[in-house]
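Report on the structure
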Amino acid sequence: MISVTDDIIIRAVARILIPFIQVYALYVIMHGHHSPGGGFQGGVILGASFILYLITHGLEDAKERMSELKAGLLSSFGLLIYSGIGLLCIIEGSNYLDYGGLSTILKVIPAQARSLGILGIEIGVGITVMAVMYSVFFDISTGGILPEDEEDLGEGR
Amino acid sequence: MSNFFLLFGMGLFALVFLCLYRAVFGPGVLNRIAAISAIGTKTLVILLIMGFIYNRVEMFVDISMVYALLNFIGTITAAKYLEMKGEL
């Protein structure tokens, strides 16, 4: 189990760095369509900030900020945004994920609707990747067994 | 000016191999972690130099910042792993 580190340098650096990492991740997600990056890369950076918090501040604090349940819900929520935008395009009469059809809902020209549609898709992908990265790291670092479960399992594991 | 960047990048490229020697044969885990961290730093400088050579620095700055970030987190994670295993 990962406990809080007793080195003040690591804790202070992580506390200062984590907000900047998250703002940078949002920049990478938002600028995905005209610079390197996009939903996946931004999601990985966003997940890395949570992993940095887990490493430096321990499992107990990290579980209060982002529990496994929250990570699971967020990963499903990102997928819902992705497929929801895709299905909205079908409802508007174009193909799946053909964002030009969104122009009637958003009341803009089709070119602008395409730009906004791909932005929504990337936000959904970013949320999903962040949650899955965090939950994979969480599961690997605890071995799938949380500290409160260990009393139930006893010595026999 | 492009020639200068090219030569500088090639020099750093040669230095990466010296660090790689330390990462492969280095005695102990700590030497290896330090060598890999140094390789990551050199790689991000090489990425920036590539940006200057191709005249697209604004693209390569983004990539090199991500590289620096993940290098930092990777080093801390490896150190934490060793601390948990009690090798330090």
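Residues numbered from 1 in each chain as written. Chains lettered and ligands numbered in written order. Predicted model: local features only at pLDDT ≥ 70, side-chain atom pairs only at ≥ 80, totals over all residues.

**Regarding the overall build of chain A**
Scanning chain A from N- to C-terminus turns up 6 helices and 0 strands. What you see in chain A, going N to C, is helices and strands ordered as α-α-α-α-α-α. Over its C-alpha trace chain A gives a radius of gyration of 19 Å, far above what one expects of a compact globule, namely 15 Å for 157 residues. Oriented by its inertia axes, the alpha-carbon framework of chain A measures out at about 60 × 35 × 20 Å. Within chain A, the fraction of its 157 residues that count as buried is 33%. Put simply, of all contacts in chain A between residues at least 6 apart along the chain, 63% involve residues at least 24 apart. (Helix = DSSP H or I, 4+ residues; strand = E, 2+ residues; numbered from the N terminus. Rg over C-alpha atoms; globule rule 2.2 N^0.38 Å. Buried ≥ 20, exposed ≤ 12 C-beta atoms within 10 Å, placed from the backbone. Contact = placed C-beta atoms within 7 Å.)

**Digging into the overall build of chain B**
Scanning chain B for helices and strands turns up 3 helices and 0 strands. Helices and strands appear in chain B in the N-to-C order α-α-α. For 88 residues, the compact-globule estimate of 2.2 N^0.38 gives 12 Å, and the C-alpha radius of gyration of chain B, at 15 Å, exceeds that figure by more than 25%. In terms of overall dimensions, chain B has a C-alpha envelope of 50 × 25 × 10 Å along the principal axes. Counting the 88 residues in chain B, one finds 10% classified as buried. Contacts spanning at least 24 positions in sequence make up 48% of the contacts within chain B whose residues lie at least 6 apart.

**Examining the packing of helix α1 (residues 8-30) of chain A against helix α2 (residues 39-65) of chain A**
All names here are of chain A. α2 packs onto α1 with a crossing angle of 165° between their chain directions and a minimal axis gap of 8 Å. Classed by the angle they form, the pair α1 and α2 counts as roughly antiparallel. By crossing handedness, the relation of α1 to α2 is classed as left-handed. Only Gly39, Gln41, Gly42, Ile45, Leu46, Ala48, Ser49, Leu52, Tyr53 and Thr56 of α2 make contact with α1, whose side of the interface consists of Ile10, Arg11, Ala14, Ile18, Ile21, Gln22, Tyr24, Ala25, Val28 and Ile29. When its residues are assigned to classes, the contact of α1 with α2 shows 13 nonpolar, 6 polar and 1 charged. (Axes fitted to C-alpha atoms, helices over the stretch in contact; angles between N-to-C directions. Parallel < 35°, antiparallel > 145°, perpendicular 65-115°, else oblique. Left-handed = near helix turned anticlockwise from the far one by under 90°. Nonpolar A, V, L, I, M, F, W, Y, C, P; charged D, E, K, R; others polar.)

**Quick word on the nonpolar core**
The biggest cluster of nonpolar side chains holds 37 residues, and the ones touching the most others in it are Ile45(A), Ala48(A), Ile51(A), Leu54(A), Met130(A) and Tyr134(A). Those elements giving two or more residues to this core turn out to be α1, α2, α3 (68-91) and α5 (110-142) of chain A together with α3 (57-85) of chain B. Take this core: its biggest share by element is 12 residues, from α5(A). Setting aside residues no more than four positions away along its own chain, Ile51(A) makes contact with Tyr134(A), Phe137(A) and Ile73(B). (Core = buried A, V, L, I, M, F, W, Y, C linked by C-beta atoms within 7 Å.)

**Observations regarding the confidence of the model for chain B**
Per-residue confidence for chain B gives a mean pLDDT of 89; residues scoring 70 or more make up 98%. For this predicted complex, the interface score ipTM comes out at 0.83, while the overall pTM is 0.85. (pLDDT = per-residue confidence, 0-100.)

**Considerations on the interface of chain A and chain B**
How big an interface is tends to be reported as the loss of accessible area on association of its parts. Contact with chain A, which involves 12 residues of that partner, is made by 11 residues of chain B. Counting residues per element, the ones that place at least two in the side of chain A that touches chain B are α1 and α2 of chain A. When residues of the side of chain A that touches chain B are assigned to their parent elements, the largest contribution, 5 residues, is made by α2(A). Classifying every residue of the side of chain A that touches chain B gives 10 nonpolar, 2 polar and no charged.

**Some words on the environment of Phe4(B)**
Residue and element names in this part refer to chain B. Looking at the secondary structure, you find phenylalanine 4 in helix α1 (residues 2-25). For phenylalanine 4, a count of 10 C-beta atoms within 10 Å translates into the label exposed. Sequence separation of phenylalanine 4 and alanine 38 is 34 residues, and the distance between their C-alpha atoms is 22 Å.

**Some points on the environment of Phe25(B)**
All names here are of chain B. Within the element layout of this structure, phenylalanine 25 appears in helix α1. The exposed category is assigned to phenylalanine 25, around which 10 C-beta atoms lie within 10 Å. Linking phenylalanine 25 and methionine 10, residues 15 residues apart in sequence, is a C-alpha distance of 23 Å.

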